[in-house]
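Per-entry structural report
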Amino acid sequence: MDLGTSYQYPVAPGPEADGYEVPQGVDVRGRYDHEFAKILSKDALQFVAELQREFKSHVKYAMECRKEAKAKYNSGALPGFDPTTKKIREGDWCCAAPPPAVADRRVEITGPVERKMIINALNSGAKVFMADFEDALSPSWENLMKGQVNLRDAVNGTISFHEKARNKDYKLNDQIAKLFVRPRGWHLPEAHILIDGEPATGCLVDFGLYFYHNFANFREKQGDGFGPFFYLPKIEHSREAKIWNNVFEKAEKIAGIENGSIRATVLIETLPAVFQMNEILYELRDHSAGLNCGRWDYIFSYIKTFQSHPDRLVPDRVQVGMSQHFMRSYSDLLIYTCHRRGVHAMGGMLFLFIEQAAQIPIRDNPQANEKAMELVKMDKLREVKAGHDGTWAAHPGLIPPILEAFNPNMGNAPNQIWSITRPEASSISEEDLLQLPRGVRTMEGLRLNTRVGIQYLAAWLTGSGAVPLYNLMEDAATAEISRAQNWQWLKFRAELDGDGLGVKVTPELFARVVEEEMDRIQKEVGSDKFKSENYKEACTIFTRQCTATELDDFLTLDAYNHIVIQHPKPGMPRL
Ligand SMILES: CC(=O)SCCNC(=O)CCNC(=O)[C@H](O)C(C)(C)COP(=O)(O)OP(=O)(O)OC[C@H]1O[C@@H](n2cnc3c(N)ncnc32)[C@H](O)[C@@H]1OP(=O)(O)O
Ligand SMILES: O=CC(=O)O
Ligand SMILES: [Mg+2]
């Protein structure tokens, strides 16, 4: 996987700024800011460099293994349970008990590491706030570094914010949610920090800086002696969980805290990982905080894994809901597996019975809002009755309907780990987990993928990693579904069978759709915004990705090259 070493990043114009004080072998190319410099202290960078040096080759190997698996799937193989780890799946073992501070996780709010959002999320009444460097964040230098500053202040309890436009002050309540942090996936480089001449691994930067500055405060103020807590995204195999376990052990050792202090919930959001849930928990057994259904990336991963299988074309995005057999099997098996191993089985972002939607409240239409909230409640009732111990909300307005579903069904217990075991789910098979979702493909599906994909990417290039579009929440995972689906339909000239006209998705049809949807976007957002923001650049990137001969592994890998701006070191020649 290209870690960004071959790409010539743009260099910022203007005078050279002050430099960061760096340890040997480390070079910081991001803009200098005195607030960032407190995060990028020499010692913190040394800690990140130690992680990078120890784990770099393991990460490279894991990425090579992903390539090998992809080649196998592309030549017709199907993912499945690994016969060599049967003993782990069948063995009688448990993970360490959940830390008391996060025994109750019935509702978790998620959001990017923006200052106001962090305060609102921590005050929201949710049990947990997952602060996101992944799907919901555009990983620009500014966003990442401000995110670290914000998290440090949040853990300190000193975070505040003044919104000038509304002359409104924000500060923390007495009661706040417990903080989990989601670093980027293994695939993303951090091109502003070079270690021994190579871009650092993005997630080791996110984890390393956050851990270094916050572990002590977190354990005292949030974790009752445990922590910090993490969410781990986009894992494809237990070997990747093993790297995280080793990273945690090393961090704990350097910090001088007990083994097992750090806890992490792994998102099961790739198709290969659903066959590795026991193995992943086993690798992390002293550090586990359970598993979560990352449903959006999971759908993306289904399309990606079967990118070369013409018999596995997925229907319109809106039809791939929880009523699909493969989705229900995945969530049921996750509950069974987690509870058997004594850890939380977390539900996912809102996901409706009839159609899929990362629903957010609809402000200007009370009737539509009421209907959406009813659907949210139905979806959450399904989750709690199935045995999930908690679920995700993308917006504070969704917390009340979620609690209405979860509270009466959880009794007085903080979770359902020991009360709902789902033994019948043990028979869920490879066929159940791989079953093709039912439904049809339509021109509207192709149009929506295109319209949403371009608008999301434009927002991402402008610095927003999560946006409301057509009353739904869109983030990197939902955008991935749109572009991977367009790519697959184009590759196999898929028939839009739902329209009954025999129309096939050809490059000519797609080019026309792109043009018409760009016109529509311009009308919807207005000419000024359309011209001043990144719609044209987004359209170029999105179109290239949908029509490329080979499917790009991640939408954000290529797009990342467009948001990197390196600053030269003082006294050094510009690259
Ligand atoms: C597939 C996955 O990975 S899901 C997880 C990753 N995705 C996410 O986390 C998305 C999180 N959600 C969001 O980012 C936002 O809700 C958006 C972008 C979708 C919509 O945000 P907005 O347009 O600001 O929504 P809206 O205007 O309704 O917000 C109303 C208030 O709620 C706050 N709010 C909205 N969403 C959140 C959130 N997730 N966390 C905390 N506060 C929030 C806003 O800050 C605003 O506060 P204010 O009244 O003090 O100004
Ligand atoms: O990260 C969550 C997902 O659904 O993707
Ligand atoms: Mg995801």
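What counts, and where the lines are drawn
- Residues numbered from 1 in each chain as written.
- Chains lettered and ligands numbered in written order.
- Predicted model: local features only at pLDDT ≥ 70, side-chain atom pairs only at ≥ 80, totals over all residues.
- Heavy atoms only, no water.
- UniProt positions renumbered as here; feature names shortened; annotations may be inferred.
- Disulfide = S-S within 2.5 Å.
- Buried < 20%, exposed > 50% of the residue type's maximum accessible area, 1.4 Å probe, protein only.
- Helix = DSSP H or I, 4+ residues; strand = E, 2+ residues; numbered from the N terminus.
- Expected span 1.5 Å × (residues − 1).
- Bend = angle between axes of the 7 residues up to and from the residue.
- Pairing = 2+ DSSP bridges.
- Contact = heavy atoms within 4.5 Å.
- Axes fitted to C-alpha atoms, helices over the stretch in contact; angles between N-to-C directions.
- Parallel < 35°, antiparallel > 145°, perpendicular 65-115°, else oblique.
- Left-handed = near helix turned anticlockwise from the far one by under 90°.
- Nonpolar A, V, L, I, M, F, W, Y, C, P; charged D, E, K, R; others polar.
- Core = buried A, V, L, I, M, F, W, Y, C linked by side-chain atoms within 4.5 Å.

An unreviewed UniProt entry lists the chain under the name Malate synthase, from Spinacia oleracea. In its Catalytic activity (unreviewed entry) section, the UniProt record describing the chain reads: "glyoxylate + acetyl-CoA + H2O = (S)-malate + CoA + H(+)".

Thoughts on the state of the cysteines
Inspection of every chain in the model, using the stated rule, returns zero disulfides. Free of any disulfide, Cys 65 has its nearest neighbouring cysteine sulfur in Cys 203, separated by 16 Å. A residue is classified by how much of its surface remains accessible, and Cys 65, at 10% relative accessible area, is buried.

What about the UniProt feature "domain: Malate synthase C-terminal" (unreviewed entry) in the chain?
If you check UniProt for "domain: Malate synthase C-terminal" (unreviewed entry), the listed places come out as residues 441-563 in our numbering. For residues 441-563, helix accounts for 65% and strand for 7%, while the C-alpha atoms at its two ends are 34 Å apart.

A word on helix H6 (residues 202-221)
End to end, H6 covers 27 Å across 20 residues, agreeing with the expected 28 Å (1.5 Å per residue, within 8%). Its axis deflected by about 60° at Asn 214, H6 carries its strongest bend there. A large share of H6 lies buried, amounting to 14 of its 20 residues.

A word on the sheet that holds strand S3 (residues 128-132)
Taken together, eight strands build an open sheet; the order of strands is S12-S11-S10-S9-S6-S3-S2-S13 and the sheet is parallel. In the strand order of this sheet, the two ends are held by strand S12 (345-346) and strand S13 (391-393), each with one partner. Of the strands in this sheet, strand S2 (107-112) and S13 are in contact with helix H13 (residues 399-406), which crosses S13 at around 160°.

Focus: helix H11 (residues 325-340)
Taking 1.5 Å as the rise per residue, H11 with 16 residues should run 22 Å; its terminal C-alpha atoms sit 22 Å apart, in good agreement. Among the 16 residues in H11, 13 count as buried, and that is most of the element. Phi for Gly 342, located one or two positions after H11, is positive at around 80°.

Some remarks on the packing of helix H15 (residues 443-462) against helix H19 (residues 535-547)
Relative to each other, H15 and H19 sit at 120°, their axes nearing to 8 Å. Judged by the inter-axis angle, H15 sits oblique to H19. Pair H15 / H19 crosses with right-handed handedness. For the pair H15 and H19, the contacting residues are Asn 449, Thr 450, Gly 453, Ile 454, Gln 455, Leu 457, Ala 458 and Leu 461 in the first and Tyr 535, Glu 537, Ala 538, Cys 539, Ile 541 and Phe 542 in the second. For the contact of H15 with H19, the per-class residue count stands at nine nonpolar, four polar and one charged.

Considering the nonpolar core
Where a protein is soluble and globular, its nonpolar side chains tend to be buried together. In this structure, Leu 40, Phe 207 and Ile 268 are the most contacted members of the largest nonpolar core, which totals 137 residues. Here this core gets ten residues from one element, more than from any other, and that element is helix H2 (residues 42-74). Residue contacts for Ile 268: discarding those within four places in its chain leaves Ala 273, Val 274, Met 277, Ile 280, Leu 291, Asn 292, Cys 293, Gly 294, Tyr 298, Tyr 330 and Leu 334.

Overview of the sheet that holds strand S7 (residues 189-195)
Strand order in this open sheet of three strands is S1-S7-S8, and the pairing throughout is antiparallel. Since the sheet does not close on itself, it has two edges, and those belong to strand S1 (26-28) and strand S8 (198-201), each with one partner. The mean inter-strand angle of the sheet, taken between neighbouring strand axes irrespective of direction, is 55°. Direction of pairing for S7 relative to S8: antiparallel, over a ladder of four bridges. If you follow Ile 195 over to S8, its bridge partner there is Glu 198. Running over the sheet, H6 touches S7 and S8 and is turned about 55° from S8.

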